[in-house]
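Survey of secondary and tertiary structure
The chain contents come next:
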Amino acid sequence: MNEFPDLEPVGFGPRYLAFLIDYIIMGLLGGIGQFVGMLFGMLFNFYGWSIADQLAQGIGVVVSLALFGFYFASGESGAARATLGKWSLGMIVLRDDNKVQTRQQALGRAASAFVTLLTLYIGFIMCFFRADKKAMHDLMSKSKVVWQSE
């Protein structure tokens, strides 16, 4: 049972716990991306390309990032309106006008979260100090993380 008011903004602590759950899934998706890159590396080595290892690493990174984007975008714009980490703790992601995000908006939110990550997580910690409990990527994508209604 959710003891928080419906659509109340979620603070830093629960969002961090949800991120830790999603981080496990991201590790699995990253492993799949690196496996795909390794397969391409074996193919490039078969043809004798001298830069096969670099290409394999690059392909692995690109596939991993694509899988991360797909995971976050499909989760936050889908029926659950949350990733597995947020859903398991009772959170959802909505636009500022309380409507469900489109897949394109959710993908933009995932991309802005990656930009936030480049600030050495300072953009994530912002929600700890703001009254509206928004992180930098929430502000960039005009979205919010709130407690799910019953």
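Residues numbered from 1 in each chain as written. Predicted model: local features only at pLDDT ≥ 70, side-chain atom pairs only at ≥ 80, totals over all residues. Heavy atoms only, no water.

**Quick word on the packing of aromatic side chains**
Put simply, the test is: The rule is short: rings of Phe, Tyr and Trp, with Trp giving its six-membered ring, pair when the centres are within 6.5 Å, and they are stacked under 30 degrees, edge-to-face over 60, tilted in between. Counting from the N terminus, the helices are DSSP H or I runs at least four residues long and the strands are E runs at least two residues long. Burial status follows relative accessibility: with a 1.4 Å probe on protein chains alone, a residue under 20% of its type maximum counts as buried, one over 50% as exposed, and anything between as partly exposed.
Counted under the stated rule, the structure contains ten aromatic pairs. The interplanar angle of 15° and the centroid separation of 5.9 Å between the aromatic rings of Phe 12 and Tyr 16 together place this pair among those described as stacked. Here the residue Phe 12 and the residue Tyr 16 both occupy positions in helix H1 (residues 12–46), the gap between them amounting to four residues, near one helical turn. On the accessibility criterion, Phe 12 (28% relative accessible area) is partly exposed. Judged by centre distance (4.8 Å) and plane angle (5°), the rings of Phe 44 and Trp 49 are stacked. The exposure class of Phe 44 is buried, given its relative accessible area of 11%. In this structure Trp 49 comes out as partly exposed when scored by relative accessible area, which is 44%.

**A closer look at the environment of Ile 25**
Using the following cut-off: Note on definitions: a residue-residue contact is assigned when non-hydrogen atoms from the two residues lie within 4.5 Å.
In this fold, Ile 25 is placed in helix H1. Between the alpha carbons of Ile 25 and Gly 90 there is a distance of 18 Å; along the sequence they are 65 residues apart. Setting aside its immediate chain neighbours within four residues, Ile 25 contacts Tyr 71 and Leu 84.

**Brief notes about helix H5 (residues 122–129)**
As a reminder, the rule being used: Within this analysis, the arc is defined by the directions that extend from the helix axis to the C-beta atoms.
Along H5, the positions that sit buried rather than exposed are Gly 123, Phe 124 and Cys 127. Considered in projection along H5, the buried side chains sweep an arc of 115° and stay on one side of the axis. Those residues of H5 that are exposed and angled more than 90 degrees off the buried face are Ile 122, Phe 128 and Phe 129. Contacts from the buried residues of H5 go to H1, helix H4 (103–117) and helix H6 (136–141).

**A short note on the layout of surface pockets**
For the record, the criterion: The way it works is a 1 Å grid over only the protein atoms, where trapped points that fit a 1.4 Å probe form a cavity and open points with protein on both sides within 12 Å along at least five of seven lines form a pocket, and then any residue with an atom within 4 Å of a point lines it. Grid points are joined across faces, edges and corners, and a volume is the space filled by probe spheres set on the points.
Each pocket or cavity is described by its volume, and for the largest pocket that value is around 760 Å³. Taken together, 28 residues line the largest pocket, and the ones lying closest to its centre are Phe 19, Phe 72, Ala 113, Leu 117 and Phe 124. Among the elements of the structure, H1, helix H2 (52–77), H4 and H5 are those that each provide at least two residues to the lining of the largest pocket. At nine residues, H1 tops the list of elements feeding residues into the lining of the largest pocket.

**Observations concerning the confidence of the model for the protein chain**
To be explicit about the condition: The predictor rates its confidence in each residue with pLDDT, a number between 0 and 100.
For the protein chain, the average pLDDT comes to 92, and 97% of its residues sit at 70 or higher. Across the protein chain, the element-wise mean pLDDT spans from 90 in H5 up to 96 in helix H3 (residues 84–89).

**Quick word on a nonpolar patch on the surface**
Going by this rule: Patch construction takes residues with relative accessible area above 30% that form no salt bridge. Like charges are linked within 9 Å, and nonpolar side chains (Val, Leu, Ile, Met, Phe, Trp, Tyr) are linked within 5 Å. Per-residue and other accessible areas were derived by the Shrake-Rupley procedure at a 1.4 Å probe size, with only the shown protein chains allowed to occlude residues. Salt bridge criterion: a side-chain nitrogen from Lys or Arg within 4 Å of a carboxyl oxygen from Asp or Glu.
Together, Val 61, Leu 65, Phe 114, Leu 117, Leu 118, Tyr 121, Ile 125, Phe 128 and Phe 129 make up a nonpolar patch on the protein surface, roughly 890 Å² of accessible area in all. Of all elements in the fold, only H2, H4 and H5 reach the threshold of two or more residues within the nonpolar patch. Note on placement: Phe 129 falls in helix H5. Exposure remark for Phe 129: the relative accessible area of 66% places this residue in the exposed category.

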